[in-house]
Amino acid sequence: MSTLEASPKPENAPTGAATRVRRPSTLTVLRWELRKLVSQKRTYLGLGLSGLFPLIFVVFENVHQGHDHGGNLSVISSQITQSGLAAPVLTLEFLSAFMLPLIASLVAGDIVAAEDGNGTLKTILTRSVDRGQVFAAKTLAACIYAALAVYVSAAVATVGGVASWGFHPVETLSGSVVSAPKALLLVFASNAIYLIPLLAVVAFGVLLSTATRNSAASVVGAVGFVILIYIVSAIPGLESIQPYLLTDQFANWHGLLRTPTDWAPIWHSLWVCALYAVPALVAGYLVFLRRDVAGG
C-alpha cells in the first residue's frame, strides 16, 4: 500500500463549474429592457397617441354620419355606419403612413441613445452579458413596442367602432361579404402584415440610435427618413422605383381585404422591407460592437 494518500478534498471547496459566473440569457436581458420601457414616460406618450387617434376618429364619425373618405378603401369607408369593424380598417389606413412610424420611432430612436445620455451603457456591459445580447434585446424591445402600439390602435378602434355601429359583416374590396368573426380576424391579420414595413422603420431607428448617441436626432432622423422616401416617390420620372420604396409597402395589408386573398403585395413587401431592415441592423450591430463605452 502506498504511503502517499491523496489528501481529502474539502467538502465546501468550489468546483470549476460553480466558480464560473453564469451569463444571463438574451431573454433575461430583454426583460431588463422591457422593464426600462415600462418606467419611461415616452413609452406611455406613444401608446397614448396610438389609442387617442382611433378614439377621435370614432367620435368624429359619430358626429358626421356618412362622411365620404374616398381613397383606396372607399368600399370600406362607405360601410362605416353599417359595421363597427370598418373603423379599425380605416384607422390603420390613416395612421399607417406617418403616425405609427412616428410612434415606433419614439422608442427605436431612444433605445440605445438613452444609455449614452444616462451614462449607463458601461454598467450594462459589466453584467456578464456580451454586446450582441444587449443589441438583440434592445432591438426586440423596440419591435415589441411598435407591435403593441399598432394593436392598441386596432383594439381601441375595434371596441369603439363595434360599440357605435355593431358587430356586423363587412364587404371586402372584391365585393364579397365576410362574416363579422372573419372580418375581425382580417382586421388583426392586417395589422400584423402592416408590421412588416413598420419594423423596417424600427431597424433604421435603432441604427440611428446606436450611431448618433442622441435620442432626439435619432427620432427625428427615423421620421425624416420616412418623409424623404415620400418626397422621392413624388418626383416625376421615378415611378419605376416606387414598388421598391419602403413607404409603398405601408399598404401591403390591402391584399388581405380581397377575396381570394391577394398574397402578391405581401410577399413582395417581405423581401423589399428586408432590403431596408437587414443592412440597418447589421450596420447598427457593427457600430455597437466597436463603440467605446469607457466614458459611460
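The numbering scheme is per chain: residues are counted from 1 as the chain's sequence reads. Whole-chain, interface and lining totals are the exception, using all residues; otherwise, since this is a predicted model, local features are given only for residues with pLDDT of at least 70 and side-chain atom pairs are given and counted only at 80 or more. With hydrogens and water excluded, all non-hydrogen atoms of the structure serve as input to the side-chain values.

Trainee: Hey, could you go over a nonpolar patch on the surface for me, with residue numbers and the actual values?
Mentor: Together, Leu52, Phe53, Leu55, Ile56, Val59 and Val63 give the surface a local cluster of nonpolar side chains, amounting to about 530 Å² of exposed area. The helix count covers DSSP runs of H or I at least four residues long, the strand count covers runs of E at least two residues long, and both are numbered beginning at the N terminus. Mapped onto the secondary structure, phenylalanine 53 falls in helix α3 (residues 41–63). Residue phenylalanine 53 is classed as partly exposed on the basis of its relative accessible area, which comes to 32%. Note on patches: the residues involved have over 30% relative accessible area and no salt bridge, like charges join within 9 Å, and the nonpolar side chains Val, Leu, Ile, Met, Phe, Trp and Tyr join within 5 Å. Only the protein chains shown count as cover for residues, and all accessible areas are computed by the Shrake-Rupley method using a 1.4 Å probe. Here, a salt bridge means any side-chain nitrogen of Lys or Arg that lies within 4 Å of a carboxyl oxygen of Asp or Glu. Throughout, exposure labels follow a simple rule: accessible area from a 1.4 Å probe, protein chains only, divided by the maximum for the residue type, with under 20% read as buried, over 50% as exposed, and the rest as partly exposed.

Trainee: Give a detailed account of the nonpolar core, specifying residues and quantitative values.
Mentor: Generally speaking, nonpolar side chains in soluble globular proteins are found buried as a group. Side-chain atoms within 4.5 Å are what join buried Ala, Val, Leu, Ile, Met, Phe, Trp, Tyr and Cys residues into a set we call a nonpolar core. In terms of nonpolar packing, the biggest core is built from 75 residues, with Leu73, Ile76, Tyr194, Val202 and Trp253 touching the most fellow members. No other element matches the 17 residues that helix α10 (residues 180–212) contributes to this core. Look past the residues within four positions of tyrosine 194 in its chain and what remains in contact with it is Leu92, Leu95, Ser96, Leu100, Pro101, Val150, Phe250, Asn252 and Trp253. Pairs of residues are marked as contacts when any of their non-hydrogen atoms sit within 4.5 Å.

Trainee: Please provide a residue-by-residue account of the confidence of the model for the protein chain, values included.
Mentor: Averaged over every residue, the pLDDT of the protein chain is 88; the share at 70 or more is 87%. Taken together, the stretch residues 1–9 has pLDDT below 50 and engages in one contact with residues farther than four places along the chain or on a different chain. pLDDT runs from 0 to 100 and stands for how confident the predictor is about each residue.

Trainee: Pulling in residues and values, what's your account of the packing of helix α2 (residues 26–38) against helix α9 (residues 131–165)?
Mentor: Contact geometry of α2 with α9 gives a least axis separation of 8 Å together with a crossing angle of 50°. Taken together, the axis directions place α2 and α9 in an arrangement best described as oblique. For the pair α2 and α9, the crossing hand works out as right-handed. Contacts between α2 and α9 involve Thr26, Val29, Leu30, Glu33, Leu34, Lys36 and Leu37 from the first element and Gln133, Val134, Ala136, Ala137, Lys138, Leu140, Ala141, Ile144 and Tyr145 from the second. What counts as an axis is a line fitted to C-alpha atoms, over the stretch in contact for a helix, and the angles between N-to-C directions run from 0 to 180 degrees. Relative orientations are named as follows: roughly parallel for angles under 35 degrees, roughly antiparallel for angles over 145 degrees, roughly perpendicular for angles from 65 to 115 degrees, and oblique for any other angle. Here a crossing is taken to be left-handed if its near helix is turned anticlockwise relative to the far helix by less than a right angle, and right-handed if that turn runs clockwise.

Trainee: Provide a residue-level description of the packing of aromatic side chains, including the pertinent values.
Mentor: In this analysis, rings of Phe, Tyr and Trp, with Trp reduced to its six-membered ring, are considered paired at centre separations within 6.5 Å, and the interplanar angle assigns stacked below 30 degrees, edge-to-face beyond 60, and tilted for intermediate values. In this structure the tally under the stated criterion is ten aromatic pairs. Summarising the aromatic geometry, the rings of phenylalanine 135 and phenylalanine 288 are spaced 5.9 Å apart at their centres and angled 40° between planes, so their arrangement reads as tilted. On the criterion of sequence distance, the pair formed by phenylalanine 135 in helix α9 and phenylalanine 288 in helix α12 (residues 264–290) is long-range, its members being 153 residues apart. Relative accessible area serves as the criterion here: at 0%, phenylalanine 288 is assigned to the buried category. In textbook terms, an aromatic cluster arises when at least three aromatic residues are bridged by ring pairs, as seen for Phe135, Tyr285 and Phe288.

Trainee: So what's going on with unusual backbone geometry? Which residues, and what values?
Mentor: Cis geometry marks the peptide bond from threonine 259 to proline 260, where omega comes out at 0°. By the element assignment, proline 260 lies in the loop between α11 (215–233) and α12. Notably, arginine 213 is not glycine yet its phi reads approximately 60°, a positive angle. Looking at where arginine 213 falls in the secondary structure, it is placed in the loop between α10 and α11. For arginine 213, a relative accessible area of 37% gives the class partly exposed.

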